[in-house]
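# Observations on the three-dimensional arrangement
Residue strings, one per chain:
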Amino acid sequence: MGIPWDDFVLVQLGEKSGDPSVVTVNCPDKAGLGCDLCRIIVDFGLCITKGDFCTDGNWCYVVLWTVPQPTSLIVDWKSLKTRLLSVCPSGLISYYFNQPTSGSQPLKLYVLKVFCLDRKGLLHDVTKALCQLELTIHRVKVMTTPDAKVLDLFFITDNMDLLHTKKRREDTCEHLSVILGEYCISCELQLAGPEYESQQGFSSLSKAVAEELFSSEMSNHSSSQALSPDMRKVKTATITVDNLMSPAHTLLQIQCVDQKNLVYDILRTSKDCNIQIAYGRISPSKEGKRNVDLFIQKTDGKKIIDPDDQIALCSRLKEEMLHPLRVTIANRGPDTELLVANPVELSGKGRPRVFYDVTYALKMLGMCVFLAEIGRHSTSDREWEVYRFLLDESREFPLASSRARRKIVDRVRRTLMGW
């Protein structure tokens, strides 16, 4: 019979607090599976501390050691296993019918309307609650009224695909009401119809802001995008190409400063570049540095011999490790706007938990947001997901001050990078 579908994914929890939990995936292979698995693990707030994976092109074996970030995070391991199983191809369709398929219909979009009294950290608290409920935010409109109230419109999909049920909708609103307590005035959740299309619009970026956000060498900028010492350290990343170690594969040896979601960035870049990884080893972080060894091939099963192809791949990987996220502050009319951008996978998927991390950083800074948007922006060679936050003035961070702006950008970037 082979391996039952439910055993494609096994999770072994750490014996005590602080010990990593081991996720093992043993299933038929498909292009980009490693990236898809890592993306789900990141979406659950987990960091990959070590890993091994191999494939013969038909069947793969993946072992990942994971820890929550932060360590106090409560992980729903049963839901994680279900989500990981959902991206595993099936080799036993005739044996096991009741499984999710990668060819299933796209999840329906719903609109969540939260009306409540305004307070610092409100946006992050709602975002955190939605993450706990396994709801993915695709768009958000935050509107603050002059009488200190706020209306949040969240355009969401349900990773459990249960929002069509009355119970799931009621449970979601009840959970949010408990989280917000006396600040909550009303909470409504419904299918997003055509009448909400105008709410999903995205304001265009100015030419100057777009150039600053999407430039490949942002270290040349002298504005709020200037790199902190931590960011400059990432430029020391090195990639060695070795075609002598293996007769059939090119060996990539990557050495760089460790950062949050580094493994995901490497695997999503490999997926988008149509690189097949036959074997990989992710070594534990040592003194803040990480080593990754990958035995790779092109889609035609050949090694990467051409020097131009080698240079292009290494440059792309370095770019994605150096600037996986872009952060800047700019003026938007009379207001001050924080912008965060990340590349979208060729599959159309954005980066997980960006909105969560940014709102958390702003909450820790005591910053209030009176308007927030999530949208897409296309450049000549790729699509980007852009998060925009109009910030309120605060006594601690006067937004007219260049020094205050740099501190905000630095804190948001550190949160996103896990520094």
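Just above, that's the structure.
First, a word on scope: everything that follows refers to the structure included in this document. (Residues numbered from 1 in each chain as written. Predicted model: local features only at pLDDT ≥ 70, side-chain atom pairs only at ≥ 80, totals over all residues. Heavy atoms only, no water.)

## Here we look at the sheet that holds strand β11 (residues 276-282)
Read across the open sheet, the eight strands follow the order β1-β2-β4-β3-β11-β12-β10-β9; overall the sheet is antiparallel. Pairing within the sheet leaves two strands with one partner each, and these edge strands are β1 (9-12) and β9 (238-242). Averaged over all pairs of adjacent strands, the angle between strand axes in this sheet comes to 20°, irrespective of strand direction. Where strand β2 (residues 21-28) lies against strand β4 (residues 59-68), eight bridges are found, and the strand directions are antiparallel. Opposite C27, over in β4, you have C60 as the bridge partner. Where helix α8 (residues 307-322) meets the sheet, it contacts β9, β10 (250-257) and β12 (289-297), and its direction lies at approximately 150° from that of β9. (Pairing = 2+ DSSP bridges. Helix = DSSP H or I, 4+ residues; strand = E, 2+ residues; numbered from the N terminus. Axes fitted to C-alpha atoms, helices over the stretch in contact; angles between N-to-C directions. Contact = heavy atoms within 4.5 Å.)

## Concerning the sheet that holds strand β15 (residues 369-378)
As summarised here, the arrangement of the four strands in space is β13-β14-β16-β15, forming an open sheet in which the pairing is antiparallel. Two strands lie at the open edges of the sheet, namely β13 (326-332) and β15, each paired on one side alone. Going from strand to strand, the sheet's axes swing by 25° on average, the running direction of each strand aside. Pairing geometry for β15 and strand β16 (residues 383-391), over nine bridges, is antiparallel. Opposite L371, over in β16, you have L390 as the bridge partner. Against the sheet, helix α9 (residues 354-365) engages β14 (335-343), β15 and β16, with an angle of about 25° to β16.

## Some remarks on helix α10 (residues 402-417)
The terminal C-alpha atoms of α10 lie 22 Å apart, and with 16 residues this matches the ideal 22 Å at 1.5 Å per residue to within 8%. Just downstream of α10 lies G418, where phi reads positive at about 80°. (Expected span 1.5 Å × (residues − 1).)

## Remarks on α9
Each α-helix turn comprises 3.6 residues. Residues three or four places apart therefore point the same way. Here α9 is twelve residues long and its end C-alpha atoms lie 17 Å apart, about the 16 Å a rise of 1.5 Å per residue gives. Counting buried positions along α9 yields nine of twelve residues, so the element is predominantly enclosed. All of the buried residues along α9 are V354, F355, Y356, D357, V358, T359, A361, L362 and L365. (Buried < 20%, exposed > 50% of the residue type's maximum accessible area, 1.4 Å probe, protein only.)

## Describing the pairing of strand β3 (residues 46-55)
Side-chain direction in a regular strand flips from residue to residue, so the side chains alternate between the two faces of the sheet. Bridge analysis of β3 against β4 gives nine bridges, and the strand direction is antiparallel. Residue C54 lies in a different strand from β4, and its bridge partner there is Y61. Here β3 folds back onto β4 in antiparallel fashion, the turn holding three residues, of which G57 has a positive phi close to 95°. Judged from the four bridges that link them, β3 and β11 form a sheet pairing that is antiparallel. When the sheet's bridge partners are listed, F53 is paired in β11 with G280.

## Thoughts on the nonpolar core
Counting 50 residues, the largest nonpolar core has F154, I156, L362, F389, L391, I408 and V412 as the members making the most contacts within it. Each residue touching L391, except ones within four places of it in the same chain, is listed here: I329, T336, L338, L362, M367, C368, V369, F370, L399 and I408. (Core = buried A, V, L, I, M, F, W, Y, C linked by side-chain atoms within 4.5 Å.)

## Remarks on the pattern of salt bridges
Under the defined criterion, the tally for this structure stands at 30 salt bridges. Across the pair D36 and K30 runs a salt bridge whose closest N-O atoms are separated by 3.7 Å. Look at D36 and you get buried, because its relative accessible area is 7%. A residue is classified by how much of its surface remains accessible, and K30, at 27% relative accessible area, is partly exposed. For the salt bridge of R290 with D258, the shortest nitrogen-to-oxygen distance reads 3.3 Å. Separated by 32 residues along the polypeptide, R290 in strand β12 and D258 in the loop between β10 and α7 (262-272) bring together distant segments of the chain. (Salt bridge = Lys/Arg side-chain N within 4 Å of Asp/Glu carboxyl O.)

## A short note on the packing of aromatic side chains
Enumeration according to the criterion identifies five aromatic pairs in this entry. Relative to W384, the ring of F214 has its centre 5.0 Å away and its plane inclined at 40°; by these criteria the two rings are tilted. Here the residue F214 occupies a position in helix α5 (residues 207-214), and W384 occupies one in strand β16, the gap between them amounting to 170 residues. Note on accessibility: F214 and W384 belong to one class, buried. One aromatic cluster is present, formed by F355, Y387 and F389 through successive ring pairs. In this structure, K50 is placed above the aromatic ring of W65, and the distance from its NZ or CZ to the ring centre is 4.2 Å. (Phe/Tyr/Trp six-rings, centres within 6.5 Å; stacked < 30°, edge-to-face > 60°. Lys NZ or Arg CZ within 6 Å of the ring centre and 35° of its normal.)

## Overview of the packing of α7 against α8
As a packed pair, α7 and α8 sit with axes 10 Å apart at the nearest point and diverge in direction by 145°. As for how α7 packs across α8, the hand of that crossing is right-handed. Each of L262, D265, I266, R268, T269 and D272 in α7 lies in contact with α8, whose residues at this interface are R316, L317, E320 and M321. Classifying every residue of the contact of α7 with α8 gives four nonpolar, one polar and five charged. (Left-handed = near helix turned anticlockwise from the far one by under 90°. Nonpolar A, V, L, I, M, F, W, Y, C, P; charged D, E, K, R; others polar.)

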